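# Close look at the chain arrangement
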Amino acid sequence: MLRFLVRRTLGALVILLFISAFTYFLFFAIPHDPALLSCGKNCTPENIALIHRNLGLDEPIPVQYFHYMVGVFAGRHFSVGDCAAPCFGYSFANSDPVWPTILNRFPLTLSLAAGGIVVFLLVGLGAGMLAAWRRGTFVDKFFSSVSLVLSSMQIYFVGPIVLALLVYNNQIMDQPKYVPISEDPVGWFSGLLIPWCVLSIIFTAGYTRMSRSTMIDQLQEEHVRTARAKGMSSRYVFFRYAWRGSLIPIVTMLGLDIGTLLGGAMITEFTFSLAGIGRLAVDSVLRTDLPMLMGVMLFSAALIVLFNIIVDATYAFIDPRVRL
């Protein structure tokens, strides 16, 4: 296991290095001078040249990239102040430090993604297992039909409809907002309940179908049939043997969906006017703000890689056969 984790960690570092280089050099392929963001309206050639020197934009792009990566691990000095490691620089748009800005936005995105995962796992796995338990009955057909309908839904379509029905027209629920859980747990839950449900729509259908099919396959396995032949109850066999074996494809699917989940969180944040990392990434692209964009890209990529390593390591705890 240790060798596996070390190998995956080294591979993750290579992936992050490639992503950082690709994003950095792609940014300078855009015909736009980032110094104009910091210069303001009354900008002169002298001011632009001074900003180029202060931000290191007067150096060759490979040299800029090298200094940037060194700053991430060792810190860096800028005209606006020293930047301790991990240093992702200062925003070209408003001179805000990148790393504290990301950390300030991250709790909202984490809350949104974690709540969405809980909702679509509970609903999707529950509906899929119930459909497999009642295979061929009305319950099975109902959940299968609903999953097909949900699979065609999109956040930017469902979100405004839910807001109109529950918030604006009938005032059943309050406008979605983010309150730190440490300050008000009830306000945190109620403020993100609608975004959680809307975000989970695009995932619930897939997990319903996946859990149903894997559960049906597990019920046909030899060890399940043997357990039944020994006189064990159907409910015990269902949850003790079949359910556990069906989790490995679900965990694999969850690991692959982490990146999609962050993308869905980005759209959800825009739909409900929530200021998270997704909203920060889009604003950085629109403003061609390289330091902020690089910070968000590396941070998000590191999260995706980390969660995939955790998912791979989880296999051994779900199924002891994987340890071999």
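Every chain's residues receive numbers from 1 upward, in the order its sequence appears when written. The predicted nature of this model means local features are confined to residues of pLDDT at least 70 and side-chain atom pairs, given and counted, to a pLDDT of 80 or more, with totals for whole chains, interfaces and linings taken over all residues. For side-chain calculations, the full set of non-hydrogen atoms in the structure is used, while hydrogens and water are omitted.

Now for the overall build of the protein. Across its full length, the protein holds 13 helices and two strands. In terms of overall dimensions, the protein has a C-alpha envelope of 85 × 55 × 35 Å along the principal axes. To sort residues, take the accessible area from a 1.4 Å probe on protein chains only and compare it with the maximum for the residue type: under 20% means buried, over 50% means exposed, and anything in between is partly exposed. Every one of the 324 residues in the protein was classed for burial, and the buried ones make up 41%. In the protein, the proportion of contacts linking residues at least 24 apart, taken out of those at least 6 apart, comes to 66%. Carbon and sulfur atoms form 67% of the exposed surface of the protein, whose accessible area is close to 17700 Å². Across the protein, the 23 positively charged side chains and the 19 negatively charged ones have centroids separated by 16 Å. Here a helix means four or more residues in a row that DSSP labels H or I, a strand means two or more in a row labelled E, and each is numbered from the N terminus. Residues count as neighbours in contact if any of their non-hydrogen atoms are within 4.5 Å of one another. Throughout, the Shrake-Rupley method with a 1.4 Å probe supplies accessible areas, and for residues the shown protein chains are the sole cover considered. Positive charges are assigned to Lys and Arg, negative charges to Asp and Glu, while His and the chain termini are left out of the count. For this purpose, a charge sits on NZ of Lys, CZ of Arg, CG of Asp or CD of Glu.

A cluster of nonpolar side chains, contributed by Tyr-156, Phe-157, Ile-161, Leu-165 and Ile-267, occupies part of the molecular surface with about 490 Å² of accessible area. A total of four residues in the nonpolar patch trace back to one element, the largest contributor, which is helix 7 (residues 155-169). Turning to its location among the elements, Ile-161 is positioned in helix 7. Residue classification places Ile-161 among the partly exposed residues on the basis of a relative accessible area of 37%. Residues enter a patch when their relative accessible area is above 30% and they make no salt bridge; the linking distance is 9 Å between like charges and 5 Å between nonpolar side chains (Val, Leu, Ile, Met, Phe, Trp, Tyr). Within this document, salt bridges are pairs made up of a side-chain nitrogen of Lys or Arg and a carboxyl oxygen of Asp or Glu, the two lying within 4 Å of each other.

With that out of the way, let us pick up the packing of helix 5 (residues 98-133) against helix 12 (residues 277-286). Two elements in contact, helix 5 and helix 12, have axes whose closest approach is 8 Å; the angle formed by their N-to-C orientations is 130°. By the angle class used here, helix 5 and helix 12 are oblique. Taking contact as the criterion, the partners of Thr-101, Ile-102, Arg-105, Phe-106 and Thr-109 in helix 5 are, on helix 12, Ile-277, Gly-278, Arg-279 and Leu-280. Each axis is a line fitted through C-alpha atoms, taken for helices only over the stretch in contact, and angles between the N-to-C directions span 0 to 180 degrees. Oblique is the label for every angle not falling under 35 degrees (roughly parallel), over 145 degrees (roughly antiparallel), or within 65 to 115 degrees (roughly perpendicular).

In this section: the state of the cysteines. In this description, the term disulfide denotes a pair of cysteine sulfurs within 2.5 Å. A full pass over the atoms with the stated rule returns one disulfide. Note on cysteine connectivity: Cys-83 is disulfide-linked to Cys-87, with sulfurs 2.2 Å apart. The S-S bond linking Cys-83 to Cys-87 shows a torsion near 120°; that makes this disulfide right-handed. On the basis of relative accessibility, which here comes to 12%, the residue Cys-83 falls in the buried class. When its relative accessible area of 2% is taken as the criterion, Cys-87 is described as buried.

As a further point, take the confidence of the model for the protein. Averaged over all residues, the pLDDT of the protein is 81; the fraction at 70 or higher stands at 91%. No element of the protein has a lower mean pLDDT than helix 2 (residues 35-39), at 65, and none a higher one than helix 5, at 88. Within a predicted model, pLDDT stands for the predictor's per-residue confidence, ranging from 0 to 100.

Along helix 11 (residues 247-271), the helix axis deviates most sharply at Ile-258, where the bend reaches about 45°. Among the residues trailing helix 11, Ser-273 stands out with phi positive, at a value near 55°. Working definition for bend: take the seven residues up to and ending at a residue and the seven starting at it, fit an axis to each, and measure the angle between the axes.

Glancing now at the side chain of Ser-91. With respect to the helices and strands, Ser-91 occurs in the loop between strand 2 (81-83) and helix 5. Residue classification places Ser-91 among the buried positions, given a relative accessible area of 3%. Among the polar contacts made by the side chain of Ser-91, one reaches the side chain of Asp-289 at a distance of 2.4 Å. The residues touching Ser-91, leaving out its near neighbours within four places in the chain, are Asp-96, Val-98, Asp-289 and Met-292. By the criterion applied in these results, polar contacts are pairs of N or O atoms within 3.5 Å in which, for protein atoms, one can donate a hydrogen and the other can accept it, and in which residues neighboring in sequence qualify only through two side-chain atoms.

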